[in-house]
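# Remarks on the overall topology
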Amino acid sequence: MAASLLSSSSSVSFPAHRLHLHASSSTTLLCPSFLSLPRRRFYVRAAGADANKAVKSSAPDTAPAKDGSSINQLLGIKGAAQESNKWKIRLQLTKPVTWPPLVWGVVCGAAASGNFHWSFEDVAKSIVCMIMSGPCLTGYTQTLNDWYDREIDAINEPYRPIPSGAISESEVITQIWVLLLGGLALGGILDVWEGHKFPIVFYLAVGGSLVSYIYSAPPLKLKQNGWIGNFALGASYICLPWWAGQALFGSLTPDIIVLTLLYSIAGLGIAIINDFKSIEGDRALGLQSLPVAFGVETAKWICVGAIDITQLSIAGYLLGAGKPIYALALLGLILPQVYFQFQYFLKDPAKYDVKYQASAQPFLVLGLLVTALATSH
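Criteria and thresholds
- In this convention, every chain numbers its residues from 1, walking through the sequence in written order.
- It should be noted that, the model being predicted, local features are given only for residues of pLDDT at least 70 and side-chain atom pairs only at 80 or more, the latter also being counted only at that level, while totals for whole chains, interfaces and linings use all residues.
- In computing side-chain values, all of the structure's heavy atoms are included and hydrogens and water are not.
- Helix numbers and strand numbers start at the N terminus; a helix is a DSSP run of H or I with at least 4 residues, a strand a run of E with at least 2.
- Each residue is placed in one exposure class: buried if its accessible area under a 1.4 Å probe, protein chains only, is under 20% of its type's maximum, exposed if it is over 50%, and partly exposed if it falls in between.
- For accessible areas, the Shrake-Rupley method is used with a probe of radius 1.4 Å. Any residue's cover is judged against the shown protein chains and nothing else.
- Every case where a carboxyl oxygen of Asp or Glu lies within 4 Å of a side-chain nitrogen of Lys or Arg is listed as a salt bridge.
- The axes are straight lines fitted to the C-alpha atoms, using for helices just the contacting stretch, and the angles between their N-to-C directions are given from 0 to 180°.
- Should an angle fall under 35 degrees it is called roughly parallel, over 145 degrees roughly antiparallel, and 65 to 115 degrees roughly perpendicular, with every other angle called oblique.
- For a crossing to be left-handed, the near helix must be turned anticlockwise from the far one by less than a right angle; the clockwise case is right-handed.
- We call two residues contacting when some pair of their heavy atoms lies within 4.5 Å.
- Polarity classes work like this: nonpolar for Ala, Val, Leu, Ile, Met, Phe, Trp, Tyr, Cys and Pro, charged for Asp, Glu, Lys and Arg, and polar for all others, with Gly in that last group.
- Two distance rules govern patches: like charges are joined within 9 Å, and nonpolar side chains (Val, Leu, Ile, Met, Phe, Trp, Tyr) within 5 Å, applied only to residues with over 30% relative accessible area and no salt bridge.
- Between 30 and 60 degrees the pair is tilted, below 30 it is stacked and above 60 it is edge-to-face, where a pair is any two Phe, Tyr or Trp rings, Trp via its six-membered ring, whose centres lie within 6.5 Å.
- Here, a charge over a ring means that NZ of Lys or CZ of Arg falls within 6 Å of the ring centre while also lying within 35 degrees of the ring normal.
- Joining through side-chain atoms within 4.5 Å is the link that ties buried Ala, Val, Leu, Ile, Met, Phe, Trp, Tyr and Cys residues into a set, and such a set is a nonpolar core.
- Here a helix's expected span is defined as the number of its residues, less one, multiplied by 1.5 Å.
- Here the term cavity refers to a set of points on a 1 Å grid, laid over the protein atoms alone, in which a 1.4 Å probe fits but cannot get out; the term pocket refers to an open set having protein on both sides within 12 Å along at least five of seven lines, with lining residues being those that place an atom within 4 Å of a point.
- Grid points are joined across faces, edges and corners, and a volume is the space filled by probe spheres set on the points.

### Section: the overall build of the protein chain
The secondary structure content of the protein chain amounts to 17 helices and two strands. Counting the 377 residues in the protein chain, one finds 53% classified as buried. Roughly 15,800 Å² of accessible area belongs to the protein chain as shown, and the carbon and sulfur atoms make up 66% of that amount.

Listed below in structure tokens is the structure:
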């Protein structure tokens, strides 16, 4: 459930530092202490000549206006055109490109339950669960992420909606709350609809939302640690929607929990991909992402190693469990991922990150479904 309940791509990011932020007012929204967001409109000015150089070298303000794509803007990915329509900006903040893994995770969980039937009611329940996991809770996660990442975005992507001032902070905060409460409400509705005595889907939604918050926000801000933050992101994109789908139609078992947590190591690798485009800002703000901590060359091999070794281990598990057909199917889906790693990602992870993910990730998510089907039989 998107990073809230999966994930990354794309991406759940966020810390910030050493920039002067000038506020137009000092009023504070009345929020619970766990989401204390100051009500200010921020105008970002780099502190000192070095910061100015970082901004200019990494993300020219004019780039999106000249070359930005309207499609990228709607999907919420880099290279987006600047937009003045508030609803398009709101959609951009939720990063729709990050929804499909969460939606797919629900499909995998439903398949793994062994109790999903192609009836109108089961399809309707699964769609509601997908909306909860994708647009609502992943949208909440990504908007929250952009809020707490506004200073680092001022270095890496100063034309993004929040650092550029295209949307006010009160509008951002309202969006965060609407998406969060909407997602939690849908979780509760699903529990009542399915007749659960214990509201497990609701509590999974609460847990995923909390992970999203501590990933992005101080004082914990898990993203500051490349290992912990990326694993939390990977688990959010793989485990949580799977668990939600399986709990909705069946029951979670210890072996499934362990298996999906192991699969989340591949999710860690996927999360690292997003760090390569933010190296300048992470380094300037003191964030220990893996490309910063280990360097680009080492980090890119950690990334592909986490993705490939995890899937090979899962294939070995399926083979040992007496399911050779599923194991071979998973192996067949790993091969094209390795090809695209050498074709794109390992050549230049910052330049080809989007192209690599578009080419390779479909095979990874199909492997998730193969594993889910194997566990249901």
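### Section: the pattern of salt bridges
One pass over the structure, following the stated rule, counts eight salt bridges. A salt bridge links Lys125 to Glu194, with the shortest nitrogen-to-oxygen separation between them at 2.4 Å. With Lys125 in helix H6 (residues 120-148) and Glu194 in helix H9 (residues 169-194), the pair connects residues that are 69 residues apart, well separated along the chain. Its relative accessible area of 27% is what places Glu194 among the partly exposed residues. Through salt bridges that share partners, Lys95, Asp146, Asp153 and Arg160 make up one connected network.

### Brief notes about the packing of H6 against helix H10 (residues 200-216)
Across the interface, H6 lies against H10 with an axial gap of 9 Å and an inter-helix angle of 20°. It follows that H6 is roughly parallel to H10 by the angle criterion. At the point where H6 passes H10, the crossing takes the right-handed sense. In this structure, H6 contributes Met132, Leu137, Tyr140, Thr141, Leu144, Asn145 and Tyr148 to the contact, and H10 contributes Val201, Ala205, Ser209, Ser212, Tyr213 and Ser216. Counted by class, the contact of H6 with H10 contains eight nonpolar, five polar and no charged residues.

### Things to note about a nonpolar patch on the surface
A surface patch of nonpolar side chains, about 330 Å² in accessible area, is lined by Phe231, Ile257, Leu261, Leu262 and Ile265. By residue number, the principal contributor to the nonpolar patch is helix H12 (residues 254-273), which donates four residues. Among the structural elements, Leu262 can be located in helix H12.

### A look at unusual backbone geometry
A cis amide bond links Pro218 to the next residue, Pro219, at an omega of 10°. You can see Pro219 is positioned in the loop between H10 and helix H11 (226-249). Phi angles above zero are rare outside glycine, and Lys221 is one such case at about 40°. When its relative accessible area of 10% is taken as the criterion, Lys221 is described as buried.

### Here we look at the packing of aromatic side chains
The full count for this structure, using the stated rule, is 13 aromatic pairs. Relative to Phe345, the ring of Phe276 lies with its centre 5.5 Å away and its plane at 80°, an arrangement referred to as edge-to-face. Here the residue Phe276 occupies a position in the loop between H12 and helix H13 (279-284), and Phe345 occupies one in helix H16 (residues 324-345), the gap between them amounting to 69 residues. Centre to centre, the rings of Phe340 and Tyr344 are 6.1 Å apart; their planes meet at 5°, and the pair counts as stacked. Residue Phe340 and its partner Tyr344 are located together in helix H16, separated by four residues, close to a single helical turn. Summarising the burial analysis for this pair, Phe340 and Tyr344 share the class buried. Among the aromatic residues, ring-to-ring pairing joins Tyr339, Phe340, Tyr344, Tyr352 and Phe363 into one connected group. The aromatic ring of Trp87 is capped on one face by Arg90, whose charged end is 5.6 Å from the ring centroid.

### Some words on the nonpolar core
Ranked by size, the top nonpolar core spans 76 residues in total, and within it Met132, Trp242, Phe345 and Tyr356 carry the most contacts. Tallying contributions element by element places H11 first for this core, with ten residues. Excluding residues within four positions of it along the chain, Trp242 makes contact with Gly105, Val106, Cys108, Gly109, Ala112, Ile256, Thr260, Leu368, Thr371, Ala372 and Thr375. Leu102, Ala232, Leu233 and Ala271 belong to the second-largest nonpolar core, a separate cluster that totals seven residues.

### A closer look at the environment of Tyr148
Considering the arrangement of structural elements, one finds Tyr148 in helix H6. According to the relative accessible area criterion, Tyr148 is buried, its value standing at 10%. When the C-alpha atoms of Tyr148 and Tyr215 are compared, they prove to be 10.0 Å apart, with 67 residues separating the residues in sequence.

### Here's the deal with H10
End to end, H10 covers 24 Å across 17 residues, agreeing with the expected 24 Å (1.5 Å per residue, within 8%). Lining the buried residues of H10 we find H6, H9 and H11.

### Description of the layout of surface pockets
There is about 250 Å³ of room inside the second largest pocket. Lining of the second largest pocket is provided by 15 residues; of these, Val107, Ala110, Ala111, Phe116 and Trp118 occupy positions nearest its centre. The set of elements that each furnish at least two residues to the lining of the second largest pocket consists of helix H5 (99-113), H6 and helix H17 (353-376). No other element matches the four residues that H5 contributes to the lining of the second largest pocket.

### Description of the packing of helix H15 (residues 296-320) against H16
Where H15 meets H16, the closest approach of the two axes is 8 Å, and the angle between their N-to-C directions is 170°. As summarised for this structure, H15 and H16 are arranged roughly antiparallel, according to the angle between their axes. Along its contact with H15, which presents Lys300, Trp301, Cys303, Val304, Ile307, Asp308, Gln311, Leu312, Ile314, Ala315, Leu318 and Leu319, the element H16 presents Pro324, Tyr326, Ala327, Leu330, Leu331, Ile334, Gln337, Val338, Gln341, Phe342 and Phe345. For the contact of H15 with H16, a count of residues per class yields 18 nonpolar, three polar and two charged.

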